[in-house]
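Structure at a glance
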Amino acid sequence: MSTTAAQDSLLTGFDEFTAARTSDPAWLRTSRARAAATFRDEGLPTTRQEEWRYTPLTGITDVPAQPVAAATGTPPVDGFLFRDFDGPQLVFVNGHYAPTQSRLHALPDGIRVSSIAALLDSDPETLQRHLGTAIRFRQQGFTALNDAWFVDGAAIVVDANAVVTEPIHLLYFSTGTGSSYPRTLIVAGANSQLSVVESFAGTETTYVTNAITEVISAEGAHVDHYKVNRESLQAHHVSSTHLLLARASVFSTHNISLGGRLTRNDINATLDGEGIECTVNGLYLADGDRLVDNHTAIDHAKPHCHSYEIYKGVLDGRSRGVFNGKIFVREDAQKTDAKQTNQVLLLSDDATIDTKPQLEIYADDVKCTHGATVGQLSAESLFYLRARGIGKDDARALLIHAFAEDIVERIRIDGVRRALEQVLLARLPIRE
């Protein structure tokens, strides 16, 4: 199949899909049609484009693009729900809200947590006002596909001055061999506070997850965000997180990538007010012939803002990693303070990493630093541990775990942190 024919196949059945969605408001139907037209013009990215040079999309066009139907029966989601988790947990199966699988506790005043499908019925004006407004950087093709095909997702709307003490967990679970298009919208009112965890998982089949998350943070809001990828090792996971942050807001995100045969994470932040603090951290693990690609872009559009970024990778086998971190400092963004670090641990001679830190600075009174280090386990550290009676495998495990734990220990939600520590202990490669 030619590239053009393969990409055309990703819109097969689109007209029938939109015709069947008779309850969609006019603005959403217009948005879907515009997205389909955009995809026909742009198609999927290729390795001839700089942003995708190291990430071939082999296999994605072999998976049907039409949204997978809602699952019947009881999907095996319990293993991906955090046991020691006090807050509500909403489950979406194949992109559809699954109320019987969810644990939606009583919520405090000042917050609405809903599926997007339900909000379309009860308050479509809120969706029309906010959906898509945080997307300033677009993933070529994939953003348009999500805009065209998405059927459901989570909407979290927090009123001004509301403080949500319990974290909220959103689990997107796939059971089929097709595609799902999760959509998450988080709107944090002025001076509000909340924590959100997004998880992605699925059965051991080949499928595509194409996800978009939008966070719109008003003045003085504090949002703590976590994204955990435990997809099938045969799955393709492509996601973009878009942040639109207003004056004096504080935002942090921790992106943990443990699953997927092909994983592409884009995080795009626009710091659109003075006094913003934005933290973007990540940890990615891969072995076999898996590929993990992390692209971040932090746009300092206003003065007196701070951004901090640490990404760590552990690569084994013939796996490949990509890290591209961009920091933009606009002409008026004086007194910017931006720090970026990427560290990668290669456990085999065949594992590879392509890392590219980028700074584009158009102001003259700033503090911006970036650094990238790639290496193997320290022979001196291994000798030190073994000299104290620790076996070779245990010594390797301790060093690898300590390297990864630097990111995990920054997770502030105890139940999530403990669960991921257990996953790391089971998943981190320690063999010679």
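Residues numbered from 1 in each chain as written. Predicted model: local features only at pLDDT ≥ 70, side-chain atom pairs only at ≥ 80, totals over all residues. Heavy atoms only, no water.

1. Considering the overall build of the protein chain
So the rule is basically this: Counting from the N terminus, the helices are the DSSP runs of H or I reaching at least four residues and the strands are the DSSP runs of E reaching at least two. The atom set for the radius of gyration is the C-alpha atoms, and the globule formula is 2.2 Å times the number of residues raised to the power 0.38. Only protein chains enter the area calculation, which uses a 1.4 Å probe; residues under 20% of their type maximum are buried, those over 50% are exposed, and those in between are partly exposed. Whether two residues touch is decided by their heavy atoms; if any such pair falls within 4.5 Å, the residues are in contact. Per-residue accessibility takes into account occlusion by the displayed protein chains alone, with areas from the Shrake-Rupley method and a 1.4 Å probe.
Along the protein chain, the regular secondary structure elements total 9 helices and 20 strands. For 432 residues, the compact-globule formula gives about 22 Å, and the C-alpha radius of gyration of the protein chain, at 21 Å, lands near that figure. Structurally, the protein chain occupies a C-alpha span of about 70 × 50 × 45 Å along its principal axes. Taken over 432 residues, the protein chain has a buried fraction of 57%. Of all intrachain contacts in the protein chain linking residues separated by at least 6 positions in sequence, the fraction that spans at least 24 positions is 84%. Surface accessibility of the protein chain: about 17,700 Å² in total, with carbon and sulfur atoms responsible for 48%.

2. Overview of the side chain of R32
Mapped onto the secondary structure, R32 falls in helix 3 (residues 26-42). Note on R32: relative accessible area 1%, which makes it buried. Ignoring any residue separated from it by four or fewer positions in sequence, one finds R32 in contact with F14, F17, T18, R21, D24, D147, A148, W149 and F150.

3. Some words on unusual backbone geometry
A positive phi angle is found at N191, which is not glycine, with a value near 60°. In this structure N191 comes out as partly exposed when scored by relative accessible area, which is 42%. The backbone phi angle of H304 is positive, close to 60°, even though this residue is not glycine. One can find H304 in the loop between strand 15 (291-300) and strand 16 (306-315).

4. A closer look at the packing of helix 7 (residues 379-386) against helix 8 (residues 392-408)
The condition is simple: The convention used is that axes are lines fitted to C-alpha atoms, helices contributing only their stretch in contact, and that angles between N-to-C directions extend from 0 to 180 degrees. Here the word oblique covers every angle except those under 35 degrees (roughly parallel), over 145 (roughly antiparallel) and from 65 to 115 (roughly perpendicular). Each crossing gets its hand from how the near helix is turned against the far one by less than a right angle, where anticlockwise is left-handed and clockwise is right-handed. Residues are sorted three ways: Asp, Glu, Lys and Arg are charged, Ala, Val, Leu, Ile, Met, Phe, Trp, Tyr, Cys and Pro are nonpolar, and all the rest, Gly among them, are polar.
Closest axis-to-axis distance for the helix 7/helix 8 pair is 9 Å, and the angle between their directions is 125°. As summarised for this structure, helix 7 and helix 8 are arranged oblique, according to the angle between their axes. Relative to helix 8, the crossing made by helix 7 is right-handed. Across the interface between the two elements, S381, L382, L385 and R386 of helix 7 pack against K392, A395, R396, L398 and L399 of helix 8. Among the residues making up the contact of helix 7 with helix 8, the classes are represented as 5 nonpolar, 1 polar and 3 charged.

5. Remarks on the pattern of salt bridges
Which entries qualify depends on this criterion: Salt bridge, as used here, is a side-chain nitrogen of Lys or Arg placed within 4 Å of a carboxyl oxygen of Asp or Glu.
Applying the stated criterion across every chain, the model contains 23 salt bridges. Of the charged contacts, one joins R412 and D224 as a salt bridge, the two residues approaching to 4.0 Å between their closest N and O atoms. Within this pair, whereas R412 is found in the loop between helix 8 and helix 9 (414-427), its partner D224 is found in strand 10 (residues 222-230), the two being separated by 188 residues in sequence. Residues R261 and D289 are paired through a salt bridge, measuring 3.0 Å at the closest nitrogen-oxygen approach. Taken together, the residues span a long stretch of sequence, with R261 in the loop between strand 12 (250-257) and strand 13 (262-271) and D289 in the loop between strand 14 (277-286) and strand 15 at a distance of 28 residues. Accessibility expressed as a relative area gives 39% for D289, which makes it partly exposed. Within the structure, one salt-bridge network assembled from shared partners comprises R21, D24 and R32.

6. Digging into the packing of helix 8 against helix 9
Closest axis-to-axis distance for the helix 8/helix 9 pair is 11 Å, and the angle between their directions is 160°. Classified by the angle their axes make, helix 8 and helix 9 are roughly antiparallel. As helix 8 packs across helix 9, the resulting crossing turns out to be right-handed. Between helix 8 and helix 9, the contacting residues are H401, A404, E405 and V408 on the first element and R417, L420, E421, L424 and L425 on the second. Of the residues in the contact of helix 8 with helix 9, the class split is 5 nonpolar, 1 polar and 3 charged.

7. Some points on the environment of S102
To keep it simple, the criterion reads: For the purposes of these results, a polar contact is taken to be a pair of N or O atoms within 3.5 Å, where, inside protein, one atom must be able to donate a hydrogen and its partner to accept one; residues adjacent in sequence count only when each atom of the pair is a side-chain atom.
For S102, the location among the structural elements is in the loop between strand 2 (96-97) and strand 3 (111-115). We classify S102 as buried; its relative accessible area is 13%. When the C-alpha positions of S102 and H169 are compared, they lie 9.8 Å apart, and in sequence the two are 67 residues distant. Discounting chain neighbours no more than four positions away, the residues touching S102 are Q89, L90, V91 and Y97. A distance of 2.9 Å separates the side chain of S102 from the backbone oxygen of A98, its partner in a polar contact.

8. Some words on helix 3
Rule in force here: How far a helix is expected to stretch is found by multiplying one less than its residue total by 1.5 Å. This arc is taken over the directions from the axis of the helix to the C-beta atoms.
Between the first and last C-alpha of helix 3 there are 24 Å, a value that for 17 residues agrees with the 24 Å anticipated at 1.5 Å per step. Listed as buried for helix 3 are L28, R32, A35, A36 and F39. For helix 3, the buried positions fall inside an angular range of 100° around the axis, keeping them on one side. Facing away from the buried surface of helix 3 by more than 90 degrees, the exposed residues are R34, R40 and D41. Positive phi appears at G43, one or two residues downstream of helix 3, with a value of about 65°.

9. Concerning the layout of surface pockets
For clarity, the threshold we go by: With a 1 Å grid spanning the protein atoms alone, the term cavity applies to any set of points in which a 1.4 Å probe fits but cannot get out, the term pocket to an open set with protein on both sides within 12 Å along at least five of seven lines, and the term lining residue to any residue with an atom within 4 Å of a point. Grid points are joined across faces, edges and corners, and a volume is the space filled by probe spheres set on the points.
The calculated volume of the largest pocket comes to roughly 520 Å³. Considering the residues around the largest pocket, the lining is formed by 29 residues, among which S195, D224, S252, R412 and I413 are closest to the centre. Among the elements of the structure, strand 8 (193-202), strand 10, strand 12, strand 14, strand 16 and helix 9 are those that each provide at least two residues to the lining of the largest pocket. With 4 residues, the single largest contributor to the lining of the largest pocket is strand 12. Taken together, the residues that form the lining of the largest pocket break down as 11 nonpolar, 9 polar and 9 charged.

10. Some thoughts on the confidence of the model for the protein chain
Applied cut-off: Scored from 0 to 100, pLDDT reflects the predictor's confidence in each residue.
Of all residues in the protein chain, 97% have pLDDT values of 70 or greater, and the mean over the chain is 92. Taking the mean pLDDT of every element in the protein chain, the minimum, 64, falls on helix 1 (residues 3-8) and the maximum, 98, on strand 7 (residues 183-188).

11. Description of the nonpolar core
For clarity, the threshold we go by: For this analysis, a nonpolar core means a set of buried residues of the types Ala, Val, Leu, Ile, Met, Phe, Trp, Tyr and Cys, connected via side-chain atoms within 4.5 Å.
In terms of nonpolar packing, the biggest core is built from 42 residues, with I156, L170, L194, L271, Y284 and L315 touching the most fellow members. By residue number, the principal contributor to this core is strand 14, which donates 4 residues. L11, V63, F150 and L185 belong to the second-largest nonpolar core, a separate cluster that totals 39 residues.

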